[in-house]
Structures are given as C-alpha cells and as structure tokens.
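Architecture and fold: a report
Here are the chains, one letter per residue:
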2 protein chains.
Amino acid sequence: MPGLAGSKMSTTVIAHLRDRQHAHLAELCEFLAIPSISMDPAHTADMAMAARWLADRLRGAGMSHTEIIPTSGHPIVFSEWLDAGPTAPTLLIYGHYDVQPADPVDAWHTPPFAPTASNGNLYARGASDDKGQVMAAVAALEAWLHATGRLPINVRLIVEGEEETSSVGLRHFVHSEADRLRCDAVLMVDSSMLTPQHPLILYGTRGNCYLEITVRGPASDLHSGTFGGAVENPFNVLVRLLASLQDGETRRVKVPGFYDRVRAMDDAERRLMASLPLSDAVLLAMTGAPALAGEAGFSAIERATIRPTLDIHGISGGFTGPGKKTVIPAQATAKLSMRLVPYQDPQDIAQRVTDFLHHQAPPTVSLNVRVLSASRPVLVDYRAAAVQAASQAFEQAFGAPAACMIGGGTLPIAADFQEALGAPLVITGFGLPDDNMHAPNEKLNLSCFFRGSEMIAHYLPMLAAFS
Amino acid sequence: MPGLAGSKMSTTVIAHLRDRQHAHLAELCEFLAIPSISMDPAHTADMAMAARWLADRLRGAGMSHTEIIPTSGHPIVFSEWLDAGPTAPTLLIYGHYDVQPADPVDAWHTPPFAPTASNGNLYARGASDDKGQVMAAVAALEAWLHATGRLPINVRLIVEGEEETSSVGLRHFVHSEADRLRCDAVLMVDSSMLTPQHPLILYGTRGNCYLEITVRGPASDLHSGTFGGAVENPFNVLVRLLASLQDGETRRVKVPGFYDRVRAMDDAERRLMASLPLSDAVLLAMTGAPALAGEAGFSAIERATIRPTLDIHGISGGFTGPGKKTVIPAQATAKLSMRLVPYQDPQDIAQRVTDFLHHQAPPTVSLNVRVLSASRPVLVDYRAAAVQAASQAFEQAFGAPAACMIGGGTLPIAADFQEALGAPLVITGFGLPDDNMHAPNEKLNLSCFFRGSEMIAHYLPMLAAFS
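Residues numbered from 1 in each chain as written. Chains lettered and ligands numbered in written order. Predicted model: local features only at pLDDT ≥ 70, side-chain atom pairs only at ≥ 80, totals over all residues. Heavy atoms only, no water.

Here's the deal with the overall build of chain A
On a plain count of helices and strands, chain A comes out with 14 helices and 18 strands. Against the globule reference of 23 Å for 467 residues, chain A gives a C-alpha radius of gyration of 24 Å, in line with a compact fold. Considering only C-alpha atoms, chain A reaches an extent of 85 × 50 × 45 Å along its principal axes. When each of the 467 residues of chain A is scored for burial, the buried share is 62%. Pairs at least 24 residues apart make up 80% of the contacts formed inside chain A by residues separated by at least 6 positions. Surface exposure of chain A reaches about 16400 Å², of which carbon and sulfur atoms provide 52%. Computing the positive centroid from 35 side-chain charges and the negative centroid from 47, chain A places the two 3 Å apart. (Helix = DSSP H or I, 4+ residues; strand = E, 2+ residues; numbered from the N terminus. Rg over C-alpha atoms; globule rule 2.2 N^0.38 Å. Buried < 20%, exposed > 50% of the residue type's maximum accessible area, 1.4 Å probe, protein only. Contact = heavy atoms within 4.5 Å. Areas by Shrake-Rupley, 256 points an atom, 1.4 Å probe, with all protein chains shown as cover. Lys, Arg positive; Asp, Glu negative; His and termini not counted. Charge placed at Lys NZ, Arg CZ, Asp CG, Glu CD.)

As structure tokens, then:
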C-alpha cells in the first residue's frame with residue numbers, strides 16, 4: 001500500500017466521488033436545512049434531529065458502527081470502521097454539526113436555513129462552518145466503502161454538537177473515554193484554505209481567555225442631573241480599567257507577566273510565514289479598515305497568528321437606545337477576550353488580568369471578573385508524517401501542496417485531543433476566508449467542497465504509506 | 001391687595017381646594033392613564049390626546065383663553081387669564097405633559113399607566129414628572145376662578161409635550177412669539193422638594209452637553225480569531241478615548257479649557273448650601289453606592305450642583321448577549337454627557353471635547369462626534385421678589401420657607417425663558433427625591449400634590465403684593 005493497486009483504487013474512488021457530486025450537494029442541503037443552533041435552547045430538538053440525520057447518513061455510507069452519544073449538552077455522533085486490521089494506522093476525523101445563530105437575519109440575501117446555490121457557492125448558515133466540511137469527509141468515506149468495499153486504514157469519526165458553545169460534552173468524553181478515540185493522527189476539518197488554489201494546514205492554534213468584567217456602583221440607576229459628579233459612574237470606571245489593559249501606542253498588553261511564556265518563532269517558521277500570500281496589503285484589503293494596527297515589530301499576519309491579543313467585544317449597561325437618557329447605571333459590564341499563543345496558559349492569564357484590574361479598581365465601586373472560557377493554545381510539529389501526508393493529499397486534489405502556519409483562531413477541543421490522545425493533529429479544512437463564517441450570508445465554495453472530499457479520499461492511503 | 005380682603009379670599013380658595021382633593025386626584029389619574037411618551041413615535045396619538053385632555057380641563061377651570069399650538073413635534077397647550085388688568089403683574093406658569101418611557105416595564109410593581117394609590121402615594125409614569133405638578137397648578141387656578149370668579153394677578157400657562165425630548169417646539173415658540181409670553185416672573189413647576197417638609201427653590205440649574213461618539217474601524221464585523229491583533233478594534237480605541245477625558249484620581253475633566261468659565265460660589269451661597277440638610281452621609285444613603293466619589297475639594301452636594309461633570313451613559317456595538325462571541329465590531333458608539341455650570345457654554349464645551357478626541361484618535365479608525373443636545377446653565381438672583389414671594393407661599397402651604405440652591409439637573413427651556421422674556425425664574429416643584437422620576441415605580445406624594453396646589457394658590461396674591 002498504496003503502490004499501484006492503491007493508486008488504481010484511488011482512481012476508482014475519485015471517479016465514484018465525481019459521479020455523485022450532485023447527490024452530495026443535495027444531501028448537504030438536507031443537512032443545512034436543519035437549524036442546529038447549539039447556543040439557542042429553542043433549537044434543542046433541531047440539534048437532536050441533526051445528530052440523527054448524520055448518524056443515518058453514516059450508516060448509509062457503510063461505516064461498521066455508528067452511535068449517538070448523549071452528553072450533558074447536545075449529543076455527539078460517533079462512527080467507526082476498524083477492519084483495516086491492527087497493523088494499519090487509525091485516523092480520527094473530527095468535525096461539528098452545530099452552527100452559529102443566524103442573527104442578524106435581515107442581513108441575509110437568502111434565508112439562512114434554505115440552502116441556495118449561486119455562482120458556484122452554496123449559501124446557508126453552517127455551509128462552511130462546519131457541515132459542508134463534515135459532509136466532504138462523509139462522502140470520501142462512502143466512496144471508498146461503496147467503490148472498494150473497504151477503507152485503506154482504520155477510521156474513527158467524531159462529530160460534536162457543541163463546538164460553538166465550548167465543546168463541554170466532547171471535552172468530557174475525550175478525557176473519560178480516550179480509549180474509544182485511540183488513533184495515530186487526528187484530522188480536524190473545521191477551518192479554511194488561503195484561497196481556492198492554496199490549501200492550508202495549521203500546525204497550531206491560538207488559545208483564548210474570555211472574560212466578563214462588571215463594575216457595580218450605586219444600588220440602582222441614578223439620574224445624572226441629581227447625582228452626577230457626586231457618585232462614581234460605573235462606566236467611567238470601566239473605561240479606565242479597560243484602557244489600562246493595553247498601551248495605546250505599542251498595542252502591547254500591559255498586564256504584568258502577560259508575555260512571559262510567549263514562544264518566539266524559529267527562523268524556519270518565520271520563513272514559512274513570510275512565504276505565505278498574506279502580505280499586510282492583502283490583510284488590509286480583507287478588513288476594509290482605514291489602516292492596519294497592531295503590536296510594533298511584527299507583520300500583520302504575525303500579529304494575527306503567533307502574537308497574543310486583547311479585544312473588547314461588547315459593553316452593556318445604561319442606555320444605548322435612540323436619543324438620549326442621562327442615566328448613571330447601577331452597573332456596567334464588558335466582554336473581552338485575549339487570544340493566547342504557545343505556551344501561555346489561559347488560567348494563568350485570567351488570574352493576572354483579574355489581579356491587575358482589582359489592584360486598580362477604586363473602593364467606590366465593586367468589581368467582578370468572571371472567566372467565561374479558557375482554551376489552551378496548541379502547537380504541533382509540522383514535520384510530522386501525518387501533516388506531510390495531508391499536504392501531499394492536498395496536492396493530489398487541489399494541484400498544490402498545503403501551506404503551513406499557526407492559526408489565529410481557537411479550536412478549544414484541539415488541546416484536549418492533543419493531551420488525551422497524544423497523536424499529531426492535522427488541522428485543516430475546505431472553507432475560504434470570505435465564507436462569512438459566524439456572519440450573515442455564510443457560504444461554501446462548491447469546488448472546495450468537492451475537492452475537499454477528494455483530498456480526504458487521497459489522504460487515507462497516503463497516511464497508510466507514511467506510517 | 002392682598003390685605004385683609006386678599007387674606008379672606010385666600011382662605012376661601014384654600015377651603016375650595018381642600019373640598020375638592022378627591023376630584024383632583026381622580027382627574028390626575030385620568031391624565032396619567034394617557035401614555036404620552038414623547039420620544040416614542042408609537043405614542044404620537046397619545047400625545048395629541050393628552051394635549052386635548054389638558055386643554056379641556058383648563059377650559060373647565062375657567063381660563064379665558066386656551067388653545068393647542070402645533071409645533072414641529074408635539075403640540076403646546078397654552079392658556080391665559082389676563083383680566084387682572086394692565087397694572088397687575090403677570091405670571092407665566094410652565095410645566096410639561098409628556099413623560100419618559102416606562103422601560104423596564106417588568107420592574108414596575110403596578111402598571112405604569114394604571115395609576116395606583118397606595119400609602120399616601122400615587123404610582124404612575126408621569127405622576128411626579130410632571131403631570132402631577134401641572135395638575136397642582138391647574139387646581140389652584142380653578143379654585144381661585146371658581147371660588148372668587150377671578151385670579152389675583154394675570155396668569156399665562158404653557159405646558160409643553162417635548163420636555164423629555166429637548167423642547168424643540170417650545171424653544172422655537174419662546175423665541176418667535178415672546179410677546180405672547182410676556183410676564184413679570186416665570187414659575188416653573190417641574191422639580192423636587194428636599195423632603196415633604198422642606199420645600200426647595202432652585203436659583204439656577206446646570207446645563208448639559210450630550211454627545212454621541214462613534215469609532216469606526218473595519219468595513220464589517222470581523223472574527224477576532226482571524227484578524228485579532230492585526231486590525232484596530234473600535235472598542236479598544238473608544239475606551240482609551242473615553243478614559244482620556246477624565247482623571248481617575250482627581251475626577252477632573254482633562255479637556256483643555258473645560259473649567260475656564262466655571263463660576264465660583266460666593267461666601268453667602270456657600271453658607272446657603274452648607275445649611276441644606278444634604279450632608280455627604282445623606283447623599284451616600286440616597287445612592288446606595290459603596291462610597292461617594294467626585295472632584296477633590298468639594299462636598300458631595302457641591303459636586304452634584306455647582307460643579308461640572310462628565311458621565312458615560314451607554315456604549316453600543318459588538319456583542320452583549322448571553323455567552324460569548326469573539327467579534328471585532330465595525331464600530332463602537334458611546335453616549336455621554338457633561339453637566340455644565342454657569343458660565344460654561346455647551347457649544348464651546350462640545351467643540352473642545354470634539355477637538356480633544358480628534359487630536360488623539362489614531363489614523364487606524366475614523367471618529368465621529370455628534371452633539372445630541374446642548375443646553376445652557378441658568379443662574380437667577382435668589383434675592384429677587386418673585387423668588388422670595390414663592391418662598392413665603394411655601395411657608396403658608398407647607399409650614400416652612402423654601403431652601404434655595406442651584407439644581408444639578410437641566411431644564412433646557414429655562415435658559416430660553418431667561419433669554420427671551422428677561423423675567424426672573426422661580427424653578428420649583430412638588431416632587432420628592434425618591435419619586436423615581438425616569439425610573440420604574442415613579443410616584444407622587446399626595447400630600448405634596450395637595451399642598452403644592454395650596455402653595456400656588458397662596459403665591460398669586462403674594463406676587464401681587466411684592467410687585
């Protein structure tokens with residue numbers, strides 16, 4: 001394996017995939033029509049329906065064992081085919097069937113849960129993140145099983161329903177049932193390519209530390225005409241606290257010790273990153289901002305991937321309606337998060353920020369800092385066989401090997417896989433940067449979807465050859 | 001006048017008022033049941049209905065001429081009785097029939113537009129601010145007219161429907177039709193007493209400069225995993241800009257020139273203020289805050305009345321729902337206002353703040369500062385006859401003369417009255433500090449309501465005597 005016989009088999013499998021593109025698109029539309037919004041309790045039944053739909057689909061694809069595993073939240077879909085024998089490698093494929101809310105719904109040009117194909121794209125919530133990517137994997141497994149009666153290696157597939165809500169159930173499962181997930185590599189299909197012609201593998205991701213900071217002042221909202229000037233306004237204090245976290249000139253986080261554990265890139269990595277088609281001009285065009293901004297001494301793509309950040313996401317309290325109201329609010333709350341890089345520890349960072357804020361808060365208010373989530377950054381050796389085989393599989397399917405970089409986003413479950421399974425992670429996917437993941441008008445490029453299936457079909461025998 | 005005959009007449013009038021307390025309460029309830037929320041376009045018809053209701057009521061009271069005057073916004077109710085003759089003084093009484101929105105409605109113990117009497121209070125939106133105070137004046141006029149067939153002086157009454165939305169229509173009217181409002185004193189009944197036993201007259205009010213500050217960054221909302229660190233987050237910039245406006249230690253506004261025109265109190269005033277039953281401990285108890293805070297070198301009541309302030313009222317943009325979302329918003333907006341004291345000019349202050357912010361804003365964002373309103377502070381000579389007569393009328397009705405101070409709130413129309421009419425203002429009222437004006441469970445103390453009517457009934461002949 002693969003040798004000539006493997007090569008011939010791959011050809012048969014790819015032909016099978018191409019014959020069935022129309023069917024794969026129709027099936028994906030069915031899957032996307034289920035509004036599996038994990039963070040909205042009103043969609044709990046839709047979550048269960050999406051899990052059942054996927055499990056049925058996997059049984060139809062010919063997987064030997066498929067089950068729906070309940071969790072404290074939404075269920076996990078687990079499926080496996082282990083008949084390649086004990087000496088063959090085992091690949092664990094990961095994805096998720098839950099989606100982000102569709103808000104603001106008015107901003108969609110087509111209904112978010114009525115998938116619509118147009119100009120080579122499929123528009124729907126979840127098209128790219130992550131149902132389309134999951135279905136690309138399902139199609140590849142089915143093609144091997146239907147066209148050849150078997151898979152070239154052992155495969156486990158785990159598709160969770162809580163990726164958009166912190167993967168609580170799966171994190172528990174990964175640690176408590178690691179044996180059922182034993183594998184030689186993990187293929188995570190939940191990210192994007194650089195362009196339709198440039199595949200991408202992430203050899204790490206940033207972590208995240210998400211905080212909610214509340215400043216409480218008067219017992220109830222007060223009128224600024226009556227009390228303004230004599231009582232602390234929680235907003236006035238909150239903006240001072242928030243402003244103290246970051247230097248306005250250097251954009252460095254000012255919390256003591258924040259950068260202590262930040263890993264420097266080595267020269268090889270820095271060259272790898274400089275070779276990416278992601279110049280500052282390219283990133284600026286993608287943002288539409290007046291100018292880029294960030295930590296001095298780093299390129300934009302470095303700032304967005306291998307450097308930590310601090311972003312305020314929202315501030316609530318008081319009055320934000322049309323017109324004006326002169327309220328001194330009883331409390332003001334900010335949501336902020338920090339993207340963390342290897343080897344920063346999110347719990348340590350949360351504690352440092354909390355201490356830093358409490359140290360400054362005046363006795364005229366009470367301050368509460370809540371950790372809403374803490375996800376560790378991940379680092380993989382990009383020279384690992386599983387990564388290199390994936391890059392070659394991309395070359396077969398897309399005509400170009402994959403670029404390698406550390407991703408700026410966070411895959412909370414990745415750190416758990418790494419810790420519990422000890423296998424190399426191949427973090428990749430078939431989305432595109434302009435897919436509007438988490439935004440209105442999410443789409444999937446259909447060419448990436450079909451080629452993504454082929455990439456996985458190629459990857460299975462290649463991983464066997466590398467092992 | 002007043003002499004003995006006047007005194008006897010007053011007694012008759014007061015008896016008339018007391019006989020009819022039950023009817024006055026019932027009428028006020030009718031008025032309060034009309035949800036005349038000026039800032040909500042959904043209540044435009046209610047505004048017109050409230051104006052008609054009041055005009056009918058004034059006709060019933062025996063005023064010689066009453067009309068509803070249309071404006072660019074909600075109508076003004078104007079009424080007069082000028083048969084006291086050309087040598088008698090003319091009093092202009094001012095109030096407003098519009099009310100604040102009732103949000104948050106869930107926090108009300110009784111429905112905001114179903115007036116409910118309980119324990120000597122009447123609960124309803126607008127009970128204290130300002131329908132109850134207006135109706136106290138109407139009852140006093142009616143009592144004189146019904147009990148004696150005349151008023152001791154000429155009276156004009158103007159009740160606007162836009163006090164809660166900047167008085168645009170009335171401001172225009174005051175300046176363009178000043179002749180119709182010609183008077184020797186203006187009695188503004190739209191404020192509070194210190195306690196049910198301590199009447200209060202304001203010999204000035206703070207002005208207000210209300211700004212909306214918007215920072216725009218990327219063309220649309222971005223994901224902080226993809227772009228965090230490489231693009232300016234409008235929130236991060238906004239909190240720095242807001243924090244720069246005020247010193248965290250001294251609480252002084254740091255905008256250059258902000259304090260240039262601030263008037264110092266003279267010794268007599270400072271003594272007047274120190275004599276008020278408004279110690280720091282009293283104010284702290286009223287706020288329920290952990291501690292008071294404010295500009296160094298001033299008592300709490302001084303900070304709340306004769307010193308300027310800066311309060312942030314709300315910040316919008318990004319994500320503030322439950323849970324967490326890692327968005328870099330395209331824009332972030334803050335609402336803030338500054339209470340201004342004599343002789344600060346709100347336009348000048350708006351320009352200084354705007355310049356100060358633009359000077360600091362980085363080129364990585366665009367900044368927009370909008371002036372939502374600008375109201376001048378007001379200062380009256382508290383030794384004026386119209387003020388002293390009012391204090392004596394309070395003594396007749398409440399058993400104590402009125403304390404005099406500058407109010408911390410803003411009555412935008414007061415500066416226009418002063419400028420267009422050149423008459424002394426008597427800014428007073430029958431509300432209480434705990435009436436929850438602008439908040440849920442607004443109430444009116446019924447004893448203050450009934451005695452308020454008597455105070456106005458006493459004031460009319462006293463003003464004649466002083467003139």
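From this point on, the discussion continues.
Examining the relation of the copies chain B and chain A
Overlaying chain B on chain A yields an RMSD of 0.2 Å, the required transformation being a rotation through 180° with an accompanying axial translation of 0.2 Å. Both chain copies can therefore be described as sitting about a two-fold axis. The C-alpha atom lying nearest the rotation axis in chain B is that of Val239(B); the distance is 2.4 Å. Of the interface residues in chain B, 98% have counterparts in chain A that sit at the interface too, so the contact is made through matching surfaces. (Least-squares fit on C-alpha atoms with pLDDT ≥ 70 in both.)

Concerning the domain arrangement of chain A
Residue and element names in this part refer to chain A. Once the domains are mapped, chain A shows domain 1 (3-205 + 377-466) and domain 2 (207-262 + 308-374). Measuring from the centre of the C-alpha atoms in domain 1 to the corresponding centre in domain 2 gives 37 Å. Across the contact, nine residues belong to domain 1 and 11 residues belong to domain 2. Taken as a group, Pro 377, Leu 379 and Thr 410 account for 68% of the area that domain 1 buries against domain 2, more than any other trio of residues on that side. (Domains from an automatic or database assignment. Buried area = accessible area lost by both parts, 1.4 Å probe.)

Remarks on helix α4 (residues 127-148) of chain A
Buried residues dominate α4(A), accounting for 19 of its 22 residues. In the stretch just after α4(A), Gly149(A) is the one whose phi turns positive, near 80°.

Observations concerning the side chain of Ser375(B)
All names here are of chain B. The topology assignment puts Ser 375 in strand β14 (residues 366-375). Judged by relative accessible area, Ser 375 falls into the buried class, the value being 4%. Apart from residues lying up to four places away in sequence, Ser 375 is in contact with Arg 171, Gly 207, Asn 208, Pro 346, Thr 410 and Pro 412.

Here we look at the pattern of salt bridges
Should the charged atoms of two oppositely charged side chains come close, the side chains can pair. On inspection of all chains with the given rule, the structure shows 48 salt bridges over all chains. Among the salt bridges present, the one from Arg263(B) reaches Glu269(B), with a minimum N-O distance of 2.3 Å. The same class applies to Arg263(B) and to Glu269(B), which are both buried. Salt bridges here are not isolated pairs; linked through shared partners, they connect Arg20(A), Glu27(A), Arg57(A) and Glu142(A). (Salt bridge = Lys/Arg side-chain N within 4 Å of Asp/Glu carboxyl O.)

Notes on the sheet that holds strand β11 (residues 311-316) of chain B
All names here are of chain B. If you trace the four strands from one edge of the open sheet to the other, you get β11-β13-β9-β14, paired in antiparallel fashion. Of all strands in the sheet, those bounded by a partner on one side alone are β11 and β14. Direction aside, neighbouring strands of the sheet carry axes that sit 15° apart on average. Pairing geometry for strand β9 (residues 207-216) and strand β13 (residues 331-340), over 10 bridges, is antiparallel. Counterpart to Asn 208 in the pairing with β13 is Arg 339. Along the sheet face, helix α7 (residues 234-243) touches β9, β11, β13 and β14 and points at about 15° away from the line of β13. (Pairing = 2+ DSSP bridges. Axes fitted to C-alpha atoms, helices over the stretch in contact; angles between N-to-C directions.)

So, the environment of Met49(B)
Residue and element names in this part refer to chain B. Within the secondary structure, Met 49 sits in helix α3 (residues 44-61). The class for Met 49 is partly exposed, based on a relative accessible area of 39%. Sequence separation between Met 49 and Phe 31 is 18 residues; the distance between their C-alpha atoms is 9.6 Å.

Some points on the interface of chain B and chain A
Opposite the 81 residues of chain B that make contact, chain A presents 79 residues. Both sides of the chain B and chain A interface together cover about 6000 Å² of buried area, and 55% of this is carbon and sulfur. Counting across the interface, chain B meets chain A through two salt bridges. A salt bridge links Glu232(A) to Arg251(B); its shortest N-O distance comes to 2.3 Å. For the interface between chain B and chain A, the tally reads 43 residue pairs in polar contact (both at pLDDT 80 or more). Of the residues in the side of chain B that touches chain A, the class split is 33 nonpolar, 35 polar and 13 charged. (Polar contact = N/O pair within 3.5 Å; in protein donor to acceptor, adjacent residues only side chain to side chain. Nonpolar A, V, L, I, M, F, W, Y, C, P; charged D, E, K, R; others polar.)

So, the environment of Ala55(A)
Residues and elements named next belong to chain A. As for its placement among the helices and strands, Ala 55 is situated in helix α3 (residues 44-61). A relative accessible area of 0% places Ala 55 in the buried class. C-alpha of Ala 55 to C-alpha of Cys 404: the two residues are 349 residues apart in sequence and 32 Å apart in space. In this structure, Ala 55 is in contact with Thr 66, Ile 68 and Val 77, ignoring residues within four places of it in sequence.

Section: the pairing of strand β3 (residues 90-96) of chain A
All names here are of chain A. Most of β3 sits out of view: seven of its seven residues are buried. Of the two faces of β3, the one holding Thr 90, Leu 92, Tyr 94 and His 96 and the one holding Leu 91, Ile 93 and Gly 95 are both buried throughout. When β3 meets strand β6 (residues 154-160), the two strands line up parallel, connected through seven bridges. Across the sheet, Gly 95 pairs through a bridge with Val 159, a residue of β6. Here β3 pairs with strand β7 (residues 185-189) via four bridges, running parallel. By the bridge assignment for β7, Ile 93 is matched with Leu 187.

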